[in-house]
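So the chains spell out like this:
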Amino acid sequence: MNQTRKITLIGTGLMGLPMSRNLMAAGHDLTVWNRRAHRAAPLVKEGAKTADTVARSIAGAQVVISMLSDGFATGELLSDPDVQRALTTGMVWIDMSSAKPVHARAHSTLLAGLGVTHLDAPVSGGTKGAEAGNLAIMVGGEAAIVEDMRFVFEAMGRPVHVGPSGSGMLCKLANQTIVAVTISAVAEATLLAEKGGADPVALRAALKGGFADSVVLQQHGERMSEGNFTPGGLSKFQLKDLDNTLAEAASLGLALPTTQEVRNRFAHFCEEMGGADLDHSGLYLELKKRNDLT
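Residues numbered from 1 in each chain as written. Predicted model: local features only at pLDDT ≥ 70, side-chain atom pairs only at ≥ 80, totals over all residues. Heavy atoms only, no water.

What follows concerns the overall build of the chain. Counting its regular elements, the chain contains 15 helices and 9 strands. Against the 2.2 N^0.38 benchmark of 19 Å for 294 residues, the chain shows a C-alpha radius of gyration of 20 Å, consistent with a compact globule. Once the C-alpha set of the chain is aligned to its principal axes, its extents read approximately 60 × 45 × 35 Å. Here the chain, with 294 residues, has 49% of them falling under the buried criterion. Treating the 27 positive side-chain charges of the chain as one cloud and the 30 negative ones as another, the clouds have centres 3 Å apart. (Helix = DSSP H or I, 4+ residues; strand = E, 2+ residues; numbered from the N terminus. Rg over C-alpha atoms; globule rule 2.2 N^0.38 Å. Buried < 20%, exposed > 50% of the residue type's maximum accessible area, 1.4 Å probe, protein only. Lys, Arg positive; Asp, Glu negative; His and termini not counted. Charge placed at Lys NZ, Arg CZ, Asp CG, Glu CD.)

Pasting the structure below:
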């Protein structure tokens, strides 16, 4: 049975671009749209279709994938009357942005009233994972729809159904909490090793396979010791995710002290040090400044 779909992907930025390429490689009929048209132009040259408006780009699609900055951006699209008129009964809207669980649940309810099924399916793995097609994909929504969309998801990575609507976004917040706190720990370990006279490359090799090993240690530790903060995951988005995590925790009556401290450091890095558009491993620069190191 042919499992390819007619898909529109909205948001061809750092993550959406390689995700689109993998969807095309899997044989899906892809239309792309981006607010800045030049960001979608490479995909059009490679065989994707495009349109001059979002509404026209999703007309006739079986699946719409949004990969935007946050839930507010997705909500703005969904409230557009032209977009709503372009939706048809039986469509599946997959929001792969990183947003608040409450946004996912609200979008699901809105789309259900228009005959469209919604899945919240944020990802982890950064641009390297997007390029390799091995993203971790956390999917909230109806299990049967998740299974029906498996061939779509597997073009981009490894999907896991984590619960009802909003659960995908909740798990992404948990993921981002672990990532941010680990970045902080890796930064401290890297600086300690460097200032103490140890080789940070050898440190990562020595820890590989042990309890302290992680993708963050190997990838972001390398970024830190090389001073390469070209963005794979933007610091301003890491800050946004930590703010969303703490808001969700507050709604549940929870205090997350380590997350709060790391959030404050990212806020200082983004807002006071101009690091908003650098990779989130750039928290290492905030640590160096804290220690009066250039």
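There is more to say after this.
This brings us to the side chain of Asp279. Considering the arrangement of structural elements, one finds Asp279 in the loop between α14 (257–271) and α15 (283–290). Of the polar contacts made by the side chain of Asp279, one reaches the backbone nitrogen of Gly233; its length is 3.1 Å. The contacts of Asp279, once residues within four sequence positions are left out, are His220, Arg223, Phe229, Thr230, Pro231, Gly232, Gly233, Ser235 and Phe269. (Polar contact = N/O pair within 3.5 Å; in protein donor to acceptor, adjacent residues only side chain to side chain. Contact = heavy atoms within 4.5 Å.)

Locating Asn264 in the fold gives a position in helix α14. Judged by its relative accessible area of 33%, Asn264 is partly exposed. Between the alpha carbons of Asn264 and Asp243 there is a distance of 9.6 Å; along the sequence they are 21 residues apart.

The next subject is the environment of Thr74. Within the fold, Thr74 resides in helix α4 (residues 71–78). Exposure remark for Thr74: the relative accessible area of 1% places this residue in the buried category. On a C-alpha basis, the gap between Thr74 and His103 in space is 8.9 Å, while along the polypeptide they are 29 residues apart. If near-sequence neighbours (up to four positions away) are discounted, Thr74 is found in contact with Ser66, Leu68, Trp93, Asp95, Ser97 and His107.

Turning next to a nonpolar patch on the surface. Together, Leu252, Leu254 and Leu256 make up a nonpolar patch on the protein surface, roughly 270 Å² of accessible area in all. Locating Leu252 in the fold gives a position in the loop between α13 (235–251) and α14. Classification of Leu252 as exposed rests on a relative accessible area of 55%. (Patch = residues over 30% accessible without salt bridge, like charges linked within 9 Å, V, L, I, M, F, W, Y side chains within 5 Å. Areas by Shrake-Rupley, 256 points an atom, 1.4 Å probe, with all protein chains shown as cover. Salt bridge = Lys/Arg side-chain N within 4 Å of Asp/Glu carboxyl O.)

The periodicity of an α-helix, 3.6 residues per turn, causes residues three or four positions apart to be oriented the same way. In a regular helix each residue adds 1.5 Å, so 12 residues correspond to 16 Å; helix α12 (residues 215–226) covers 16 Å between its end C-alpha atoms and thus fits that length. For α12, the set of buried residues is Val216, Leu217, His220, Gly221, Arg223 and Met224. End-on, the buried residues of α12 take up no more than an arc of 155 degrees, which puts them together on one face. Looking at α12, the residues exposed on the side facing more than 90 degrees away from the buried face are Val215 and Glu226. In this fold, the buried residues of α12 make contact with α10 (167–196), α11 (200–207) and α15. Among the residues of α12, the N-terminal cap falls to Ser214, whose side-chain oxygen and the backbone nitrogen of Val216 are separated by 3.4 Å. Positive phi shows up at Gly227, right after α12, with a value of about 70 degrees. (Expected span 1.5 Å × (residues − 1). Arc of directions from axis to C-beta.)

Trans peptide bonds make up the majority, and among non-glycine residues the majority have a negative phi. Even without being a glycine, Asp292 presents a positive backbone phi close to 55 degrees. Here Asp292 is to be found in the segment after α15. Its relative accessible area of 72% is what places Asp292 among the exposed residues.

Counting residues in each nonpolar core, the largest one holds 32 residues, and the members touching the most others are Ile65, Ile94, Met96 and Phe153. Top contributing element to this core by residue count: helix α1 (residues 16–25), with 4 residues. (Core = buried A, V, L, I, M, F, W, Y, C linked by side-chain atoms within 4.5 Å.)

Along strand β5 (residues 92–95), one buried face is formed by Val92 and Ile94 and the opposite face, lined by Trp93 and Asp95, is buried too. Pairing of strand β4 (residues 63–66) with β5 involves 4 bridges; the strand directions are parallel. Its bridge partner being in β5, Val64 is matched across the sheet by Trp93. Of the pairings in the sheet, the one linking β5 to strand β6 (residues 117–120) comprises 4 bridges and is parallel in character. Note on β6: the bridge partner recorded for Ile94 is Leu119. At this point the chain moves from β5, through helix α6 (residues 101–112), to the parallel β6, and the crossover so formed is right-handed. (Pairing = 2+ DSSP bridges. Right-handed = clockwise from strand over helix to strand, strands pointing away.)

All right, on to the environment of Thr117 then. By the element assignment, Thr117 lies in strand β6. In this structure, the C-alpha to C-alpha distance between Thr117 and Ala212, residues 95 residues apart in sequence, is 41 Å. Excluding residues that lie within four positions of it along the chain, Thr117 makes contacts with Met91, Val92, Trp93 and Ile145.

Counted according to the given criterion, the structure contains 15 salt bridges. Here Lys6 makes a salt bridge to Asp29, at a shortest N to O gap of 3.9 Å. Residue Lys6 is located in strand β1 (residues 6–10), and its partner Asp29 is located in strand β2 (residues 29–33); the two are separated by 23 residues in the primary sequence. On the accessibility criterion, Lys6 (27% relative accessible area) is partly exposed.

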